[in-house]
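Structure assessment
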Amino acid sequence: MQEFAAADTDAAITFYRSIDDPTARAVFDLLIDHPEQRLDGAAIAAQLGLERHRDVARATFRIGQIAAAHGRRRPWHEAQLGYCMADDQAALFRRARDAASSG
């Protein structure tokens, strides 16, 4: 599986539009809006008003499935201390989100 590159705008737009679950979309948007910040499941759940941090794990799992279906890796780093999206990935997906929202 390959990573999303900075020039993969069309693939990023298609991927972003594929995230049809509202919780998954909210989690992904939060990662986009907080690049280079490591956020654990509890912090993400609290910021989004989710009842359980397990909802975050389910959302990231779903996004990972979508990424795999597109032949891509998850566009964030994940570790025991939480989730973190690199600045270049966040910039790509901000552009994708803007394009998906406008058309």
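The present account deals with the structure reproduced in this document. (Residues numbered from 1 in each chain as written. Predicted model: local features only at pLDDT ≥ 70, side-chain atom pairs only at ≥ 80, totals over all residues. Heavy atoms only, no water.)

1. What about the overall build of the protein chain?
As a reminder of what qualifies: Numbering of helices and strands runs from the N terminus, with a helix taken as a DSSP run of H or I at least four residues long and a strand as a DSSP run of E at least two residues long. Just to be clear, the radius of gyration here is over C-alpha atoms, and the globule rule we use is 2.2 Å times residues to the power 0.38. Here's how the labels work: a residue is buried when its accessible area is under 20% of the maximum for its type, exposed when over 50%, partly exposed in between, all with a 1.4 Å probe on protein chains only. A 1.4 Å probe and the Shrake-Rupley method give the accessible areas. Residues count as covered only by the protein chains that appear here. Under the counting rule used here, the positive set is Lys and Arg, the negative set is Asp and Glu, and His together with the chain ends is not counted. We put the charge of a Lys on NZ, of an Arg on CZ, of an Asp on CG and of a Glu on CD.
Along the protein chain, the regular secondary structure elements total 5 helices and 2 strands. Reading the protein chain from its N terminus to its C terminus gives the helix and strand order α-α-α-α-β-β-α. Relative to the compact-globule value of 13 Å for 103 residues, the protein chain shows a C-alpha radius of gyration of 13 Å, a close match. Overall, the C-alpha framework of the protein chain stretches about 35 × 25 × 25 Å when taken along its three principal axes. The burial tally for the protein chain puts 40% of its 103 residues in the buried class. Taken as a whole, the protein chain presents about 5,600 Å² of accessible surface, with 47% of it coming from carbon and sulfur. In the protein chain, the 13 positive side-chain charges and the 15 negative ones have mean positions that sit 4 Å from each other.

2. Here we look at helix H5 (residues 87-102)
Worth spelling out the cut-off: Between the first and last residue of a helix there are one fewer steps than residues, each counted as 1.5 Å, and that sum is the expected span. By the convention used here, residues are in contact when the closest approach between their heavy atoms is within 4.5 Å.
The end-to-end C-alpha distance of H5, which contains 16 residues, comes to 23 Å, matching closely the 22 Å that a straight helix rising 1.5 Å per residue would cover. Buried residues belonging to H5 abut helix H1 (9-18) and helix H2 (22-33).

3. Some details on H1
What counts here: Directions drawn from the helix axis to the C-beta atoms are what define this arc.
If you check which residues of H1 are buried, you get Ala 12, Ile 13, Phe 15 and Tyr 16. Within H1, the buried residues cover an arc of 165° as seen down the axis, which keeps them to one side. Contacts made by the buried residues of H1 are with H2, helix H4 (54-69) and H5.

4. Quick look at unusual backbone geometry
Most peptide bonds take the trans configuration, and most residues that are not glycine carry a negative phi. Non-glycine residue Glu 36 carries a positive phi angle of around 65°. Topologically, Glu 36 is positioned in the loop between H2 and helix H3 (41-48).

5. Topic: the packing of aromatic side chains
Worth spelling out the cut-off: Planes of paired rings set the category: under 30 degrees apart is stacked, over 60 is edge-to-face and the rest tilted, where pairs are Phe, Tyr or Trp rings (Trp by its six-membered ring) whose centres lie within 6.5 Å.
Inspection of the entire model under this criterion finds 7 aromatic pairs. Pairing Phe 15 with Phe 28 gives two aromatic rings, centres 5.7 Å apart and planes at 80°, and the pair type is edge-to-face. Taken together, the residues span a long stretch of sequence, with Phe 15 in helix H1 and Phe 28 in helix H2 at a distance of 13 residues. Like Phe 15, the residue Phe 28 is buried in the burial classification. On the basis of an interplanar angle of 80° and a centroid distance of 5.1 Å, the ring pair of Phe 28 and Phe 93 is categorised as edge-to-face. Placement of Phe 28 in helix H2 and of Phe 93 in helix H5 is noted, with a sequence separation of 65 residues between them.

6. Some remarks on the packing of H1 against H5
Defined as follows: Axis lines are fitted through C-alpha atoms, for helices just across the contact stretch, and the angle between N-to-C directions can take any value from 0 to 180 degrees. If an angle is under 35 degrees, it is roughly parallel; if it is over 145, roughly antiparallel; if it lies from 65 to 115, roughly perpendicular; otherwise it is oblique. A crossing counts as left-handed when the near helix is turned anticlockwise from the far one by less than a right angle, and as right-handed when that turn is clockwise. By the convention adopted, Pro, Cys, Tyr, Trp, Phe, Met, Ile, Leu, Val and Ala count as nonpolar, Lys, Arg, Asp and Glu as charged, and the other residues, Gly among them, as polar.
Orientation of H1 relative to H5, taken along the N-to-C sense of each, is 65°, at an axis distance of 8 Å. Regarding the angle of H1 to H5, the classification is roughly perpendicular. Considering only the axes of H1 and H5, their crossing is right-handed. Within the contact between the two elements, H1 uses Thr 9, Ala 12, Ile 13, Phe 15, Tyr 16 and Arg 17 and H5 uses Leu 92, Phe 93, Arg 95, Ala 96, Arg 97, Ala 99 and Ala 100. By residue class, the composition of the contact of H1 with H5 is 9 nonpolar, 1 polar and 3 charged.

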